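What the coordinates show
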Amino acid sequence: MDARVSELFGSGNGHGSGSHGASSVKPGNGYGVAPKKACVKHNKKSKARFSRNFKPSNNTPYLPPEAEEGNIEYKLKLVNPTQYRFEHLATQMKWRLQEGRGEAVYQIGVEDNGMLVGLSEDDMRTSLKTLHRLAEKVGADIAVLREREVDYDSDVPRMIAEVLIRKVPDDQQFLDLRVAVLGNVDSGKSTLLGVLTQGELDNGRGRARLNLFRHLHEIQTGRTSSISFEILGFNSKGEVVNYSESRTAEEICESASKMITFIDLAGHHKYLKTTIFGLTSYCPDFAMLVVSANTGIAGTTREHLGLAMALKVPIFIVISKVDLCTRATVERTVRQLERVLKQPGCNKVPMIVSSTDDAVTAAQQFAQSPNITPIFTCSSVSGDSLDLLKVFFNIIPPLSNSKEQEELMQQLTEFQVDEIYTVPEVGTVVGGTLYSGICREGDHLVVGPTDSGQFHKLTIGSIQRNRSACRVLRAGQAATLALGNFDRSLLRKGMVMVSPEMDPTICWMFEAEIVLLFHAKTFHKGFQVTVHIGNVRQTATVEAVYGKEELRTGEKAVVLFKFIKHPEYLKVGAKVLFRQGVTKGIGHVTKLQPIAQYQPPQSEDDEA
């Protein structure tokens, strides 16, 4: 795939052939691996006739067999269980919640093999009551996502229900997902975030986005040039908790069970390095590409799509400003997007979301298959389809399971420094992401590397996550850490704070296996590029291209890079993205050439 991503970076016109890709998905009722003709259209009830002993045909709605791992559980019925059975079911629910990091989905009326059998109305009501009792026992809430009817040859209607179970968080450990917001300048990214997080529609002149801007020139021009963060919280019942008068971030965090953190990135081409830094450094779970309905795929849209795909960030699309256009214009933009997504370089399956049912299906299939690309059509002025976007955010599950999370937490502490501030009466503060381990107030870490490859000792003061105090930071979470009177001049973006026991690999030179996505001429020894590796962003020189004299667009090679300013902390396997003018390439680190003499942490009076 990597070699084909180059098509998105070239000077294409956005009209790729649709014959190469898979056809777009128009979701039905969500039951079935692929939507069938007998499935639901939008919110009408499905009528798939089959008897109990009937072998499923192509038209029978079904689900894939239940998996032992993961957070999805099938239950035929939960009617008056014995005490022993109730305890067993509660333990099972705890396991499913743990697998989904606090979220689980129960399909009621479904056999373990995926057959949609259905229940009578009385049995369904009793089963949901039992489920509610189970959820109460494990400290969770339930919300019925949707109910469907399947019809036997009998006169009694039989129901199937899909239920979201979400744990009420304790000790601030809500589920936190990060969504990077991409798109061309003036596509309506900041306005959309303002409307989603503040609950008030825009006036058509950008009022909703004013609270998101950080600089005066952003307010004056209406263009984002820096990375800003906004949060959307959902409680355990799936309701948005942002919307009330003067709701502070701390109040939102206290009442939220699930938090969506939006990383608002710049759309203008001259701020591309900031956008790439946001994508590589903040490790977003998903990317939301905002496309204006009236301009379609213009400017940096294609490039942002290519960046997200190159970094393997799952992407979904929001077509904004539909209130400005006729229906035909919106449909033309949708078709244009479908053509680009189906190109061999993308090979995505578009999924148009036009009802609540579609939004539920899209959220589940999007997390299961990286090729599915949901497409929403919204307006920040009229509010069209914004509720579908909220349903999608409420249900979308995390990509990593609890086991992967625990493995990361057991490693040594490593915190990536992305932002540095000086706060009055607090001192030096750093913002970033905890890549591995656990970080607590009072922990002693070392920060570096400096220009000479050294590390300095420091002590963590207070920790803030989503603008509210936090005592413990776990792997994968973003936060700001107060460092007291630590000298700010010793810090820079791209540094890491690690456990003193860790022996960090510091290097001036590294080898990477790369694919040249786009280059006007030839790529050879002596060429200088800006390299992005995680939170590292620095100019490097090409010292050698192994096995070849030069590279052209689409070619692969192992290249030796050398940083020109200061050494950096790198890891083998880390994704590399480099650029210079129109030149762009991706790859991964294959070998490091560490500094010969590692300097131990200094015990100087830097903290004084």
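None of the values given here were measured: they were computed from a predicted structure.

The next thing to look at is the confidence of the model for the protein chain. Confidence in the prediction for the protein chain averages 82 pLDDT; 82% of positions are at 70 or higher. The low-confidence segment residues 11-23 (pLDDT under 50) makes 26 contacts with residues lying over four places distant or belonging to another chain.

Turning our eyes to something else, we now look at the sheet that holds strand E16 (residues 456-459). A sheet is described by the order of its strands in space; here eight strands give the open sequence E16-E15-E21-E12-E13-E20-E17-E18, paired in antiparallel fashion. Each having just a single partner strand, E16 and strand E18 (468-470) make up the two edges of the open sheet. When the angles between neighbouring strand axes are averaged without regard to direction, this sheet yields 40°. Where strand E15 (residues 444-448) and strand E21 (residues 496-498) come together, three bridges link them in antiparallel fashion. Each bridged residue has a counterpart across the sheet, and for Val 446 the counterpart in E21 is Val 498.

Think of it this way: side chains of opposite charge can pair up when their charged atoms draw near. Applying the stated criterion to the full structure yields 16 salt bridges. For Arg 146, the salt bridge identified is with Asp 357, shortest N-O distance 3.1 Å. Of the two residues, Arg 146 is situated in strand E3 (residues 140-150) and Asp 357 in helix H10 (residues 356-368); the sequence distance between them amounts to 211 residues. Judged by its relative accessible area of 6%, Arg 146 falls in the buried class. Given a relative accessible area of 3%, Asp 357 falls into the buried group. Linking Glu 441 and Arg 471 is a salt bridge whose minimum nitrogen-to-oxygen distance equals 3.8 Å. Of this pair, Glu 441 sits in the loop between strand E14 (438-440) and E15 while Arg 471 is found in the loop between E18 and strand E19 (472-474), placing the two residues 30 residues apart along the sequence. By relative accessible area, which is 64% here, Arg 471 ends up exposed.

Rules and cut-offs
Residues numbered from 1 in each chain as written. Predicted model: local features only at pLDDT ≥ 70, side-chain atom pairs only at ≥ 80, totals over all residues. Heavy atoms only, no water. pLDDT = per-residue confidence, 0-100. Contact = heavy atoms within 4.5 Å. Pairing = 2+ DSSP bridges. Helix = DSSP H or I, 4+ residues; strand = E, 2+ residues; numbered from the N terminus. Axes fitted to C-alpha atoms, helices over the stretch in contact; angles between N-to-C directions. Salt bridge = Lys/Arg side-chain N within 4 Å of Asp/Glu carboxyl O. Buried < 20%, exposed > 50% of the residue type's maximum accessible area, 1.4 Å probe, protein only.

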